[in-house]
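Residues per chain are reported as follows:
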Amino acid sequence: MNRDYDEAYILRTIDYQEHSKLIYMYTASGIKSGLARGVKKMQSPLRHLMQTGMLLSVDLSKGKLPTIKDAEMLTYYKSIKEDLIKTTIVSVINELIYYNVSDHDDHQKLFQFIKKVLDALSLSDSPLEILNVFELKFLYFLGYGIQFNRCSACSKVEPLFFDSHSGMVFCEEHLEHHQHALDKEAFAPLQYFLHVDIEKFKPLNLDKQKHQRLQAIIDDLYDVHLSARPKAKKILKSLD
Ligand SMILES: [Zn+2]
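In this text, all values refer to a predicted model and were calculated from it rather than measured experimentally.

Protein-derived ligands of the zinc ion are Cys151 (SG), Cys154 (SG), Cys171 (SG) and His174 (ND1), with the metal-ligand distances lying across 2.1 to 2.3 Å. Viewed at the metal, the 4 donor atoms of the zinc ion are separated by angles of 96 to 115°, and the geometry they form is tetrahedral. Donor residues for the zinc ion sit on one chain with the sequence pattern C-x2-C-x16-C-x2-H. A relative accessible area of 26% means that histidine 174 is categorised as partly exposed.

Shown next, in the form of structure tokens:
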């Protein structure tokens, strides 16, 4: 068989006319859109597949607005869909990808990473930590990586402090915002989340207060570097 199918992860769907949907997919070559004709009709074979969070193999027609001719399910992520927190985390991830990736990004790499994140999220009992891993690695992917190993001003390697005001690491001498400083022990979880291989991730099981403090730092980093906070973030907060 010589089929021209693409692996695609559905980020977003929008109702289109009476029976169709516009589908926004993330693929190894970036975000693609396609029209799923008649997909809202009861008898449509693609009806159950054209939903956010599905990993599919799709056959797209050529042209400016391609039509989705056929699709097969690769993964349904059942345990994510059965869990409200995990589902909301996926909404956060989908929004972040949809609004922040650009044509020049390494989509091959990000696509493989997202699949690993979804697998980890499916299995994890600490889904909020998985989101943190995604958030810090995604910032790094977009060019806003944090240099944790040495002072950002002089390359001194210790003692180091993370300045949550600037999102940078400094030595004692170059640290300016002392009231925002975290010592090495306090910022170690952020460093772990950024550097860990997601396939080998072991949850830190941080207590709620500690986790909320780190989450606030990550949210601040996003506010500094990216424009809008995902809407699903608010829902996630209300659930936690
Ligand atoms: Zn320094």
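From this point on, the discussion continues.
Along the chain, serine 122 falls in helix H3 (residues 107–123). Apart from residues lying up to four places away in sequence, serine 122 is in contact with Tyr77, Ser79, Ile80 and Lys86.

Judged by pairing direction, the sheet is antiparallel, and its 5 strands sit side by side in the order E3-E2-E1-E4-E5 without closing on themselves. At either end of the open sheet lies a strand with only one pairing partner, and these are strand E3 (30–36) and strand E5 (68–75). With strand direction ignored, the average angle separating the axes of adjacent strands in the sheet is 40°. When strand E1 (residues 6–16) meets strand E4 (residues 55–60), the two strands line up antiparallel, connected through 4 bridges. Of the residues in E4, the one forming a bridge with glutamate 7 is serine 57.

Reading the values: the criteria
- Residues numbered from 1 in each chain as written.
- Predicted model: local features only at pLDDT ≥ 70, side-chain atom pairs only at ≥ 80, totals over all residues.
- Heavy atoms only, no water.
- Donors = N, O, S within 2.8 Å, 3.2 Å for Na, K, Ca; no water.
- Tetrahedral: all angles 85-135°; square planar, octahedral: opposite > 155°, others 65-115°.
- Buried < 20%, exposed > 50% of the residue type's maximum accessible area, 1.4 Å probe, protein only.
- Helix = DSSP H or I, 4+ residues; strand = E, 2+ residues; numbered from the N terminus.
- Contact = heavy atoms within 4.5 Å.
- Pairing = 2+ DSSP bridges.
- Axes fitted to C-alpha atoms, helices over the stretch in contact; angles between N-to-C directions.

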